[in-house]
Structure formats: C-alpha cells, structure tokens
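# Observations on the three-dimensional arrangement
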Amino acid sequence: MRAGWLLGLPLLIGAGCKDEVEPVDVPFEGVDPEPTPRPKPPPAPDAEASATASAPAPAAPKPGGAPAAASMQQCCNALHAAARTAADEGTKRVNQQAASLCSQLVVSVQQGKITRSAALAQVRSSLLGAAPSSCR
C-alpha cells in the first residue's frame, strides 16, 4: 500500500504544477547601475615642494589657555585643602586622587587639548561625594 502511494506522489505533484503561469519578462524602466569610477590618485609631489612643505607651521594657541587653566587651578587647590581636612582616610585618598587628576588636567587645558568644562567633569566624576564649588 505504501509503495502505491509513493509511486503516485510524483504524479500529484506534477499535476499541481501545470496550473501555474509562466513568468513574463517585464521591461525595467529604471536607471541601470554603472560601475563607480575609481578616483584618480593624487599627482606625485615635486622634490622642491616636499622640501618646503616638510617644516610644519607653528600651531596657533587654542582657546581656553591660561584663564581657563587658572580657574582649573582653583579647583585643584580646593581639592588639596579638602584632602588635608578630611575626617577619614577614605575621603582623604579620594580627594588626593582627584587633586592629582586635576593637576594633570590643568596642563592639558593650558595646551588646549581639552576644554575646561570637560576637565572639570572628569574631576567631579572621580569624586565620591559633592565637589567643591570651584570645581563646578
């Protein structure tokens, strides 16, 4: 009985496929994509031009410099004072670490590598409690 059913299966499948319509080619009315052209390589520099261009121009000082660093230094001084007057050893260590970080960031602010507000945000995030008012 199984053999008859299995032999008739291809006939049933074939009969079901005869009712389907063949696909029709539909013309494409869009834009045919073309390969993107490769960019041309830049021309080779002349030996004379490369000799004059090898000396970099001095960098202009970035905004923020000394005034921002001076206000940053006030924050560092407040953190050092807080470390000296801390009630417990844990608070003292946290304030000392924040003061050390602050001193390192003053140099970056003077050089214009980081803004004053970003430096103060880093200092505040290193503290467990509230930051001194000069660090805000």
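Given the structure is predicted, the values throughout are model-derived calculations rather than measurements.

### Here's the deal with the overall build of the chain
Of regular secondary structure, the chain possesses five helices and zero strands. Looking at the 136 residues of the chain, the share that counts as buried comes to 18%. A sequence separation of at least 24 residues applies to 57% of the contacts in the chain between residues at least 6 apart.

### Regarding the packing of helix H4 (residues 89-111) against helix H5 (residues 116-126)
Contact pair H4 / H5: the axes reach a minimum separation of 9 Å and the direction vectors enclose 165°. When the interaxial angle is binned, H4 and H5 end up roughly antiparallel. Our pair here, H4 against H5, has a crossing hand that is right-handed. Note on element contacts: H5 touches H4 through Arg 116, Ala 119, Gln 122, Val 123 and Ser 126, opposite Val 94, Ala 98, Leu 101, Cys 102, Leu 105 and Val 109. Per-class residue counts for the contact of H4 with H5 are eight nonpolar, two polar and one charged.

### Section: the pattern of salt bridges
Taken as a whole, this structure holds one salt bridge when the rule is applied. Note that Glu 89 is salt-bridged to Arg 93, the shortest N-O span being 4.0 Å. Separated by four residues within a single helix, Glu 89 and Arg 93 lie in helix H4, roughly one turn from each other. Residue Glu 89 is classed as partly exposed on the basis of its relative accessible area of 45%. Judged by relative accessible area, Arg 93 falls into the partly exposed class, the value being 49%.

### Focus on the nonpolar core
Residues Met 72, Cys 75, Leu 79, Cys 102 and Val 109 are the most contacted members of the largest nonpolar core, which totals 20 residues. Elements with a contribution of two residues or more to this core: helix H3 (65-84), H4 and H5. Setting aside its immediate chain neighbours within four residues, Cys 102 contacts Met 72, Cys 75, Cys 76, Leu 79 and Val 123.

### So, the side chain of Ser 71
Position of Ser 71 relative to the elements: it lies in helix H3. At a separation of 2.6 Å, a polar atom in the side chain of Ser 71 contacts the side chain of Arg 116. Aside from chain neighbours lying at most four places away, what touches Ser 71 is Arg 116 and Ser 134.

### Let's talk about the confidence of the model for the chain
Of all residues in the chain, 62% have pLDDT values of 70 or greater, and the mean over the chain is 75. When the criterion is pLDDT under 50, residues 57-63 qualifies, and its contacts beyond four places in sequence or with other chains add up to two contacts.

### Looking at the environment of Ala 86
By secondary structure assignment, the location of Ala 86 is in the loop between H3 and H4. Ala 86 has contacts with Thr 91 and Lys 92, leaving out every residue within four places of it along the chain.

### Brief notes about H4
Look at H4: 34 Å from first C-alpha to last across 23 residues, which is about the 33 Å you get at 1.5 Å a residue. All of the buried residues in H4 are Val 94, Asn 95, Ala 98, Ala 99, Cys 102, Leu 105, Val 106 and Val 109. The N-cap residue of H4 is Asp 88: its side-chain oxygen and the backbone nitrogen of Gly 90 are 3.1 Å apart. Once H4 ends, the next one or two residues include Gly 112, with phi positive near 80°.

Definitions and cut-offs
- Residues numbered from 1 in each chain as written.
- Predicted model: local features only at pLDDT ≥ 70, side-chain atom pairs only at ≥ 80, totals over all residues.
- Heavy atoms only, no water.
- Helix = DSSP H or I, 4+ residues; strand = E, 2+ residues; numbered from the N terminus.
- Buried < 20%, exposed > 50% of the residue type's maximum accessible area, 1.4 Å probe, protein only.
- Contact = heavy atoms within 4.5 Å.
- Axes fitted to C-alpha atoms, helices over the stretch in contact; angles between N-to-C directions.
- Parallel < 35°, antiparallel > 145°, perpendicular 65-115°, else oblique.
- Left-handed = near helix turned anticlockwise from the far one by under 90°.
- Nonpolar A, V, L, I, M, F, W, Y, C, P; charged D, E, K, R; others polar.
- Salt bridge = Lys/Arg side-chain N within 4 Å of Asp/Glu carboxyl O.
- Core = buried A, V, L, I, M, F, W, Y, C linked by side-chain atoms within 4.5 Å.
- Polar contact = N/O pair within 3.5 Å; in protein donor to acceptor, adjacent residues only side chain to side chain.
- pLDDT = per-residue confidence, 0-100.
- Expected span 1.5 Å × (residues − 1).

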